[in-house]
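Fold and geometry: a report
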Amino acid sequence: MAKRSGRILSDGDPLIRLESISKTYSEGVEALHDVSFSINKGEFVFIVGPSGSGKSTLIKILLKELDPTSGNIHVAGSDLGTLKRRQVSRYRRNIGVVFQNFELLKDRSVYENIALAQRVIGVPKRKINRNVSSMLSLVGLNDKIKVNPEELSGGEQQRVALARALVNRPTILLADEPTGNLDPGNAWSIMELMNEINKLGTTVIVVTHNPEVVDAMQKRVIAMKEGRIIADISKGRYIYERN
Ligand SMILES: Nc1ncnc2c1ncn2[C@@H]1O[C@H](COP(=O)(O)OP(=O)(O)O)[C@@H](O)[C@H]1O
Ligand SMILES: [Mg+2]
């Protein structure tokens, strides 16, 4: 059993456990309805489903950017429902996140974009330099350390975003449509990179609209529709919307 600063995760416990999560936005839109699943440490999971099915809402709840209207959620030994405000930033260190639009700081270098994530948690400069270099090697962009993101292709920008997401060594990587703005070649290499990252031990959760990739990679697939889970299949294929 690992016990650190009040967080308790027993060996047999899943890393992520959602129990009957529902989320109704203040406008009365029910984005999630009675969603339950568990994810074990080391898994690679795709979340698929049509636009508006609640995928991004789920990601925001995992990040504790949003609280569910009802239900329980435990991540990495933390009960997100009882987490105090001052504990949230520490909780979020468990999670690296990438988005469709990369969301890099355009007026900062690649180095600065990645280093910032380390600086805010007080890592010493020499260690930051080492970690930024090792992350850039992982994503194959060592030669771009000094350039600004605007000078990079979309695929390269997403690699930088991945390096930034991973530099603090999170337990979990969340990706919300990470290949949505990429051509098929770059989409493949980003997915392959996430697969490598998963093999190195990070639990990876990827929201995607890319059926070819999902079919080829043979990972667990959680399919959503209208706020509900309609399928949860190990070594699954892309589940197309049926009306
Ligand atoms: N901040 C918000 N306020 C009100 N409704 C929202 C908000 N965010 C999302 N929704 C609604 O919740 C539903 C699920 O949205 P979302 O989680 O973004 O789905 P997805 O990521 O699968 O496209 C949609 O009907 C969407 O319009
Ligand atoms: Mg979305």
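Let me begin by describing the structure that accompanies this report. (Residues numbered from 1 in each chain as written. Chains lettered and ligands numbered in written order. Predicted model: local features only at pLDDT ≥ 70, side-chain atom pairs only at ≥ 80, totals over all residues. Heavy atoms only, no water.)

Time to look at the site of ligand 1. Taken together, Tyr25, Glu27, Val29, Ala31, Pro50, Ser51, Gly52, Ser53, Gly54, Lys55, Ser56 and Thr57 form the complete shell of residues around ligand 1. Gly52 places a main-chain nitrogen or oxygen 2.7 Å from an oxygen atom of ligand 1. Contacts to ligand 1 include Ser56, whose backbone N or O atom sits 2.9 Å from an oxygen atom. Coverage of ligand 1 by the protein chains reaches 64% of its 560 Å² of free accessible surface. Here the element with the most residues in the shell around ligand 1 is helix α1 (residues 55–62); it accounts for three residues. (Near = heavy atom within 4 Å. Polar contact = N/O pair within 3.5 Å; in protein donor to acceptor, adjacent residues only side chain to side chain. Areas by Shrake-Rupley, 256 points an atom, 1.4 Å probe, with all protein chains shown as cover. Helix = DSSP H or I, 4+ residues; strand = E, 2+ residues; numbered from the N terminus.)

Moving on, we come to the side chain of Asp176. Position of Asp176 relative to the elements: it lies in strand β9 (residues 172–176). For the buried Asp176, no salt bridge exists, and the shortest N-O distance to an oppositely charged side chain is 6.5 Å, to Lys60. Reaching out from Asp176, the side chain makes a polar contact with the side chain of Ser56 at a distance of 2.6 Å. Sequence-distant contacts of Asp176, defined by excluding residues within four places in its chain, comprise Ser56, Ile59, Val98, Phe99, Gln100 and Val207. (Buried < 20%, exposed > 50% of the residue type's maximum accessible area, 1.4 Å probe, protein only. Lys, Arg positive; Asp, Glu negative; His and termini not counted. Salt bridge = Lys/Arg side-chain N within 4 Å of Asp/Glu carboxyl O. Contact = heavy atoms within 4.5 Å.)

On to the environment of Leu166. Here Leu166 shows up in helix α5 (residues 154–166). For the pair Leu166 and Val132, spaced 34 residues apart in the sequence, the C-alpha separation amounts to 9.8 Å. Apart from the residues within four sequence positions on either side, Leu166 is in contact with Met135, Leu138, Leu173 and Ile197.

Tallied over the entire structure, the rule returns seven salt bridges. Between Arg119 and Glu112 there is a salt bridge, with its nearest N and O atoms 3.2 Å apart. Salt bridges here are not isolated pairs; linked through shared partners, they connect Glu43, Arg220 and Asp232.

Relative to each other, helix α3 (residues 110–119) and α5 sit at 25°, their axes nearing to 8 Å. Considering their axes alone, α3 and α5 lie roughly parallel with respect to each other. Every pair of crossing elements has a handedness; the one defined by α3 and α5 is right-handed. Between α3 and α5, the contacting residues are Val110, Asn113, Ile114 and Ala117 on the first element and Val160, Ala163 and Arg164 on the second. Among the residues forming the contact of α3 with α5, the class breakdown is five nonpolar, one polar and one charged. (Axes fitted to C-alpha atoms, helices over the stretch in contact; angles between N-to-C directions. Parallel < 35°, antiparallel > 145°, perpendicular 65-115°, else oblique. Left-handed = near helix turned anticlockwise from the far one by under 90°. Nonpolar A, V, L, I, M, F, W, Y, C, P; charged D, E, K, R; others polar.)

Look at Asp34: it is not a glycine, yet its phi comes out positive at around 55°. Along the chain, Asp34 turns up in strand β4 (residues 30–39). You will see that Lys235, though not glycine, has its phi angle at about 50°, which is positive. Locating Lys235 in the fold gives a position in the segment after β12 (228–233).

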